[in-house]
Amino acid sequence: MPARRMNAPRRGRQAARVDLADIQGNVLRGYTLPAAAYLFLRIVDVDRASALMRRMLPQVMTASPWDEPPATAMNVAFTFAGLSALGLESDVLDSFPEAFRQGMAARAQWLGDRGPSAPEHWEFSGAHVLVTVYAVDVSRLRAALAEILAADVGNGVELVHLQRAESLPEGRDHFGFFDGIAQPAIAGGGVEPRPGDGQPDGAGGWRELATGEILLGYTDEDGGLPAAPAAPFDRNGTFVVYRKLAMDAAAFRRYVASQGYPGGPAELAAKIVGRWPDGTPLAVSPDGPDASISSDSRRINDFGFADDPLGLRCPVGAHIRRANPRDAAGFFGGKLTNRHRIVRRGRPYGPPLEPGALDDDGVERGLIFICFQTDLWRQFETIQALWVDDGDPFGLGRDKDFLIGEPHGTTGKMTIPGHPPYFLKPQPRFVTLRGGDYLFQPSMTALRTIAA
Amino acid sequence: MRKRTSEHVADRVGGAYALTTFARVLPGRADELEAYLEALPRGADSPLARLEALHTARIQLFRSLVHQGPKQRHTDVLQNTHLVFTSTIDGSLDAYLDALASAVPECDEWWGCCAGYPGRSDLAAFRAYVRSIQAAPGLFQSAIPDATVADVRSALALREQVIDFAVEAQGLDAATLQARFRSAF
């Protein structure tokens, strides 16, 4: 089991102001269980599928705090096709938002999922249910999976797609970067925030994000309740984005090594990402990684971009600055970012590329990107379509996110501000979308209603 | 009654002209029209991409009016669905309408679902129809009022050329850079 990094100790516990026992786990606080499997199922017999759900209900992990991590944890979410297949009333189905009803494939043009990332190349489609199983190690995961596959799959549901994932040593991704650092602190969620979690408070500090940005049924950043589907889906549920992102680690290494960038390959990689591989933010330490920052959970995420409007430390087009612009110029001290936050719960899949290797070994690897939010369109889709797949909001024209954006001919580039600036052009392909979907993760109350 | 206008002062900012029209959709045709508009190709394949003088156009259906909140004094009710066609263009309205009539036969599909549309064969009637459904824009702003569409396209091409030059010339010494710049531009 990969060791937990020293710089990412467990977040402390606080009194919660939400009903943790009614909320599925992994939303308010991320599981530390390193092994995961994602089972996409299709309902073929509603009665038997409901009976199956009744049997599985007691195993569904809630947000109630753990004293000791369990060996395994299971969660359940549904696509719109899945909720339809379960025979929900049409007025309930119609109450779900358009983006969810359409599903991710139908939104591909808007999201920038084109070319090799387009839905016609995806590995799977037509799923109804996503059962996610997390485990403390691979053998426990195998055992839990074997049980589900033997006892449940084929019993009213069939398996559409099975994806395994496992944390890499030191919490790194396949490009070698410590990932998943920045998360919004959620008001009332029972998790002690760290500096940098949440939103800039306008006074140089941080405040928690309104609960209703992540969980339905609570006040959101606008001061009202987020638009929600009909009862019992209107409270303690959340919308889920699932994306399987293949990462070409060899291409990334070759690219940064071959550019002749004056600061060298390591600095170029850091400029593209916005952090050094150990997580040190360029905004705080532009000249090199600093262990005193990256090993301190109170410093690793405590930064903004307002004092670096030109991007001389962290480029305006760097991946982490696009995906979460914080208080950057043009975002009014965070007032224009607060409605576009997501909780990320990704896991890498596939074995790491051998250290130093520059040639592709033909092994598939990448990231299972998972995020939670109350509004798919306003949160994930806005980040993906306007901040990743476009450059306009940052004054970067048509340039896309150089790390994860879908390359577009020969016009894409990245500017690394400096004296003189450095240009990268054209944008190569590092990441390809292999499949994905939008899901709804209901409250425990709603799950019991569905299973009844 | 909305104000009708042919050359209202608010219609033009610099060289850019704003056309706003509201056409009453014939009873029972709105769904068919919506499906047609929904299926129109976007981007480079859009029928409107054929118009050289067009900055932006928008074609949409108004089926009802949104209540503006507690401060709204009167409740406005839309008796009929309206097709709203707007354009920001270079040059004169007549020249634009002529280009629309000759290059965009799709006009017949959307305005053909609306009351009083005469078709495109009689150019004078076509112009008169669009003017008859024209409304004065309450406020018109243009980000680049003095640049024509052609100016914008050529500036973007120059921008790409400059970027390519900058990429190629990275790291050159000053004298080589100057020589390269002179030969490139």
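Residues numbered from 1 in each chain as written. Chains lettered and ligands numbered in written order. Predicted model: local features only at pLDDT ≥ 70, side-chain atom pairs only at ≥ 80, totals over all residues. Heavy atoms only, no water.

A. Here's a closer look at the overall build of chain A. Check the secondary structure of chain A and you find twelve helices and 13 strands. The C-alpha radius of gyration computed for chain A amounts to 21 Å, which stays within 12% of the reference 22 Å derived for 452 residues, consistent with globular compactness. Overall, chain A is about 65 × 50 × 40 Å in size when its C-alpha atoms are taken along their principal axes. Here chain A holds 452 residues, and the buried ones make up 58% of them. Of the contacts formed within chain A by residues at least 6 apart in sequence, a portion of 71% connects residues at least 24 apart. (Helix = DSSP H or I, 4+ residues; strand = E, 2+ residues; numbered from the N terminus. Rg over C-alpha atoms; globule rule 2.2 N^0.38 Å. Buried < 20%, exposed > 50% of the residue type's maximum accessible area, 1.4 Å probe, protein only. Contact = heavy atoms within 4.5 Å.)

B. Up close: the interface of chain A and chain B. Facing the seven residues of chain A at the interface are seven residues of chain B. Summed over both sides, the interface between chain A and chain B buries roughly 630 Å², with carbon and sulfur atoms accounting for 50% of that surface. The three residues of chain A that bury the most area against chain B are Lys413(A), Phe423(A) and Lys425(A), which together make up 71% of that side's buried surface. Connecting chain A to chain B are two salt bridges. A salt bridge links Lys425(A) to Asp164(B); its shortest N-O distance comes to 2.4 Å. The tally of links between chain A and chain B comes to three residue pairs in polar contact (both at pLDDT 80 or more). Grouping the constituent residues of the side of chain A that touches chain B by class yields three nonpolar, one polar and three charged. (Buried area = accessible area lost by both parts, 1.4 Å probe. Salt bridge = Lys/Arg side-chain N within 4 Å of Asp/Glu carboxyl O. Polar contact = N/O pair within 3.5 Å; in protein donor to acceptor, adjacent residues only side chain to side chain. Nonpolar A, V, L, I, M, F, W, Y, C, P; charged D, E, K, R; others polar.)

C. Broad picture of the pairing of strand S10 (residues 366-373) of chain A. All names here are of chain A. Of all eight residues that make up S10, eight are buried, and the element is covered over most of its length. Bridge analysis of strand S8 (residues 343-344) against S10 gives two bridges, and the strand direction is antiparallel. Its bridge partner lying in S10, Val343 is registered against Phe372. Pairing between strand S9 (residues 347-349) and S10: three bridges, direction antiparallel. In the strand pairing of S10, Arg347 is matched with Ile368. (Pairing = 2+ DSSP bridges.)

D. Structural view of the sheet that holds strand S1 (residues 12-13) of chain B. Residue and element names in this part refer to chain B. Pairing within the open sheet is antiparallel, and its four strands lie in the order S1-S2-S4-S3. Because the sheet does not close on itself, it has two edges, and the strands there are S1 and strand S3 (54-62). Where S1 lies against strand S2 (residues 16-24), two bridges are found, and the strand directions are antiparallel. Bridging across to S2, Arg12 finds its partner in Tyr17. Against the sheet, helix H2 (residues 93-103) engages S2, S3 and strand S4 (82-90), with an angle of about 115° to S4. (Axes fitted to C-alpha atoms, helices over the stretch in contact; angles between N-to-C directions.)

E. Quick look at helix H5 (residues 149-168) of chain B. For H5(B), which comprises 20 residues, the first-to-last C-alpha distance of 29 Å matches the rise-based estimate of 28 Å (1.5 Å per residue) to within 8%. The inward-facing, buried residues of H5(B) abut strand S12 (422-424) of chain A together with S3, S4 and helix H6 (174-184) of chain B. (Expected span 1.5 Å × (residues − 1).)

F. Representation of the side chain of Asp401(A). Considering the arrangement of structural elements, one finds Asp401(A) in the loop between helix H11 (377-388) and strand S11 (414-416). Setting aside residues no more than four positions away along its own chain, Asp401(A) makes contact with His319(A), Arg322(A), Val388(A) and Gln427(A).

G. Here's a closer look at the environment of Arg107(A). Residue and element names in this part refer to chain A. Positionally, Arg107 belongs in the loop between helix H4 (98-102) and helix H5 (108-111). Expressed as a C-alpha distance, the spacing of Arg107 and Ala385, which sit 278 residues apart in the sequence, is 10.0 Å. Sequence-distant contacts of Arg107, that is, excluding residues within four places in its chain, are made with Glu98, Ala99, Gln102, Trp377, Glu381 and Tyr438. Side-chain polar atoms of Arg107 contact the side chain of Glu381, separated by 2.7 Å.

H. Spatial organisation of the pattern of salt bridges. Residue and element names in this part refer to chain A. Counted by the stated rule, this structure contains 33 salt bridges over all chains. Linking Arg339 and Asp222 is a salt bridge whose minimum nitrogen-to-oxygen distance equals 3.8 Å. Here Arg339, found in the loop between helix H10 (319-323) and S8, pairs with Asp222, found in the loop between strand S6 (206-207) and strand S7 (238-247); they are 117 residues apart in sequence, far enough to count as distant. One continuous salt-bridge network, built from bridges that share partners, spans Glu213, Asp220, Asp222, Arg339, Asp375 and Arg378.

I. Expanded view of the packing of aromatic side chains. Residue and element names in this part refer to chain A. Scanning the model with the defined rule gives 42 aromatic pairs over all chains in all. Where Phe96 meets Phe233, the ring centres are 5.6 Å apart and the plane angle is 55°; that geometry is what we call tilted. Of the two residues, Phe96 is situated in the loop between helix H3 (90-94) and H4 and Phe233 in the loop between S6 and S7; the sequence distance between them amounts to 137 residues. Since its relative accessible area comes to 3%, Phe233 is described here as buried. A cation over a ring is seen here: Lys244 above Tyr349, with NZ or CZ 4.8 Å from the ring centre. (Phe/Tyr/Trp six-rings, centres within 6.5 Å; stacked < 30°, edge-to-face > 60°. Lys NZ or Arg CZ within 6 Å of the ring centre and 35° of its normal.)

J. Region of interest: the side chain of Asn324(A). Residue and element names in this part refer to chain A. Mapped onto the fold, Asn324 is located in the loop between H10 and S8. Asn324 sits in the buried class, given a relative accessible area of 11%. Those residues within four positions of Asn324 in sequence are excluded, and the remaining contacts are Ala182, Phe305 and Arg341.

K. Geometry of the packing of helix H7 (residues 249-258) of chain A against helix H8 (residues 265-273) of chain A. Residue and element names in this part refer to chain A. At a closest axis distance of 8 Å, the pairing of H7 and H8 adopts a crossing angle of 115°. Helix-helix and strand crossings are classified by hand; for H7 and H8 the assignment is right-handed. Residues Phe252, Val256 and Ala257 of H7 lie in contact with H8, whose contacting residues are Pro265, Leu268, Ala269 and Ile272. (Left-handed = near helix turned anticlockwise from the far one by under 90°.)

L. Fine view of unusual backbone geometry. Residues and elements named next belong to chain A. Note that the residue after Ala231, namely Pro232, is joined by a cis bond; omega there is 5°. For Pro232, the position within the fold is in the loop between S6 and S7. Cis geometry marks the peptide bond from Lys425 to Pro426; its omega dihedral reads -5°. One can find Pro426 in the loop between S12 and strand S13 (431-441).

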